[in-house]
Amino acid sequence: MPFQLPPLPYAFNALEPHIDARTMEIHHGKHHQGYVNNLNKAIEGTPLDGKSIEEILKGLDMKNMAVRNNGGGHYNHSLFWSVMAPNAGGAPSGELGNAIQRDLGGFDAFKEKFEQAAATRFGSGWAWLCAHKGGKLEVCSTPNQDNPLMPEYSHCGTSILGVDVWEHAYYLHYQNRRPDYLKAWWNVVDWNAVAKRYAAAK
Ligand code: MN3
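Residues numbered from 1 in each chain as written. Predicted model: local features only at pLDDT ≥ 70, side-chain atom pairs only at ≥ 80, totals over all residues. Heavy atoms only, no water.

K.L.:
A description of the pattern of salt bridges should follow, citing residues and the corresponding values.
P.N.:
Throughout the structure, instances matching the rule amount to seven salt bridges. The partner of Asp-103 in a salt bridge is Arg-102, with the nearest N and O atoms 2.9 Å apart. What makes Asp-103 partly exposed here is its relative accessible area of 22%. (Salt bridge = Lys/Arg side-chain N within 4 Å of Asp/Glu carboxyl O. Buried < 20%, exposed > 50% of the residue type's maximum accessible area, 1.4 Å probe, protein only.)

K.L.:
Talk me through the environment of Gly-97; I want residue IDs and the actual numbers.
P.N.:
Mapped onto the fold, Gly-97 is located in helix H4 (residues 94–104). The exposure class assigned to Gly-97 is buried, which follows from its relative accessible area of 15%. With ten residues separating them along the chain, Gly-97 and Phe-107 place their C-alpha atoms 7.6 Å apart. (Helix = DSSP H or I, 4+ residues; strand = E, 2+ residues; numbered from the N terminus.)

K.L.:
Which residues make up the coordination of the manganese ion, and what values do they have?
P.N.:
The coordination sphere of the manganese ion, as far as protein atoms go, consists of His-27 (NE2), His-77 (NE2), Asp-164 (OD) and His-168 (NE2), spread over 1.9 to 2.1 Å. We note that the donor set of the manganese ion lies within a single chain, spaced as H-x49-H-x86-D-x3-H. Each member of the pair, Asp-164 as well as His-168, is classed as buried. (Donors = N, O, S within 2.8 Å, 3.2 Å for Na, K, Ca; no water.)

K.L.:
Run through unusual backbone geometry, naming residues and quoting values.
P.N.:
In this chain, Glu-16 is followed by Pro-17 through a cis amide linkage whose omega measures 5 degrees. You can see Pro-17 is positioned in the segment before helix H1 (21–43). The backbone phi angle of Gln-175 is positive, close to 50 degrees, even though this residue is not glycine. Relative to the helices and strands, Gln-175 is located in the loop between helix H6 (171–174) and helix H7 (178–185).

Here it is as structure tokens:
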């Protein structure tokens, strides 16, 4: 069974005004679909065919650029859609809120660190909030469609929140103003979804 584009769990315009409908439509329907199609082509008839995306990325040969780029692209975007929601934002509470306080110096300090990781990622890539076994949190960033599941970054822990800083994620609405996109993006982060990922990852 080849990989399939997961349906967006809300309408294209649901994250407006922070992320515009046209960006969402192209990002999901063209970019993510492209990663899925190219991943399927890259693994067809190979021993990777039939494995889960997590298995593929954990065991990735970093020199296999087709699987690295497109498998990473599929995983990263699937995560990205799932940690955003309309009428979201605010701040995390409970276990996750406590861990951000304990490991990252509080929510404001975390946001600053995360925005800095995202803003200073040169070219294209992602910033992540990751959880280690035991619960310790860490902020990191990766280039292109790489992510912390891949062997080269496994020291980062498991990604529980990620932001796409490729220009295709924001250029139509924000042009070159990546920091403005990042500031607005907090308004669509679904902390309930992130807390579930945290509970599963730790
Ligand atoms: Mn993208």
